[in-house]
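Summary of structural features
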Amino acid sequence: AQWEVNKHNVAYQYTGTVYKAGDKELDSVENVDPAAAVAYTAVHQYVRSTPGSLEIIKTIPNANETMMADQFTFAVTGPEAFAGPVSYTLNKEPMTGTVDEKNTLTIENVKAGDVILLENIPAGDYAVAETGAKDNKLFYNVSYPEGNEGGKVTVKAGETVSLTVTNKPTETVFFKEWLDN
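Residues numbered from 1 in each chain as written. Predicted model: local features only at pLDDT ≥ 70, side-chain atom pairs only at ≥ 80, totals over all residues. Heavy atoms only, no water.

Comments concerning the packing of aromatic side chains
Inspection of every chain in the model, using the stated rule, returns one aromatic pair. The side chain of Lys58 reaches across the aromatic face of Phe72, ending 4.0 Å from its centre. (Phe/Tyr/Trp six-rings, centres within 6.5 Å; stacked < 30°, edge-to-face > 60°. Lys NZ or Arg CZ within 6 Å of the ring centre and 35° of its normal.)

What follows is the structure in structure tokens.
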């Protein structure tokens, strides 16, 4: 069934149409006599999904000035109802993004210490993936808390779930070879 999201990011799923002739419920209107003096009504039925919220916290322990300046991109993939334009905050600054056909929202220019808050999103399973540093000056190992392996979280209706994405710079080892002539 198709999900629709209204301007308040509340998801609704169309569940069908009920036809009535007076107080009598009909299976369809195909065999209804158009000359009959009876009022017919069609009621479209929807199920509302109570939204939840997802907080993403970006950390780099013991980060130096260069690490703090690196910008990261996140891909947040959600359930079928996660669609259309989505409002969120990045460090309490209002932002808007568009969820693509794969139910993925891309959030760019995230730095160490930043907090992303997606409010009023459909309840369901989400995956948060960091796609790397923008400048690729340093390479990072990404880790998620125990129980959230692979950046997987479940947003429950009426609740806020928090996910911390931690990076450690990879260790780079340089070798110098001395040659005697």
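Additional details are given in the paragraphs that follow.
A short note on the pairing of strand S7 (residues 84–90)
Where S7 and strand S8 (residues 93–99) come together, seven bridges link them in antiparallel fashion. Bridging from a neighbouring strand, Thr89 pairs with Pro94 of S8. If you look at the hairpin formed by S7 and S8, you'll find two residues sitting between the two strands, and Asn91 has a positive phi there, around 55 degrees. Sheet topology note: the S7/strand S10 (residues 115–122) ladder contains three bridges and is antiparallel. Paired with Tyr88 across the two strands is Leu118, which belongs to S10. (Pairing = 2+ DSSP bridges. Helix = DSSP H or I, 4+ residues; strand = E, 2+ residues; numbered from the N terminus.)

A closer look at the side chain of Lys58
Mapped onto the fold, Lys58 is located in strand S5 (residues 51–59). Overall, the relative accessible area of 1% leaves Lys58 in the buried class. Residues in contact with Lys58, not counting those within four places in the same chain, are Phe72, Phe74, Val110, Lys111, Ala112, Gly113, Asp114, Glu130, Val165 and Asn167. (Buried < 20%, exposed > 50% of the residue type's maximum accessible area, 1.4 Å probe, protein only. Contact = heavy atoms within 4.5 Å.)

Here's the deal with unusual backbone geometry
Positive phi outside glycine occurs at Asn62, with the angle close to 55 degrees. For Asn62, the position within the fold is in the loop between S5 and helix H1 (65–69). Owing to a relative accessible area of 77%, Asn62 belongs among the exposed residues under this scheme. If you check the backbone angles, Asn103 has positive phi at about 65 degrees while not being a glycine. Note that Asn103 resides in the loop between S8 and strand S9 (104–110).

Some remarks on the side chain of Thr166
Residue placement: Thr166 occurs in strand S14 (residues 160–169). In this structure Thr166 comes out as buried when scored by relative accessible area, which is 17%. Within polar-contact distance, the side chain of Thr166 engages the side chain of Thr59 at 3.1 Å. When residues no more than four places from it in sequence are discounted, the contact partners of Thr166 are Thr59, Pro61, Asn141, Val142 and Ser143. (Polar contact = N/O pair within 3.5 Å; in protein donor to acceptor, adjacent residues only side chain to side chain.)

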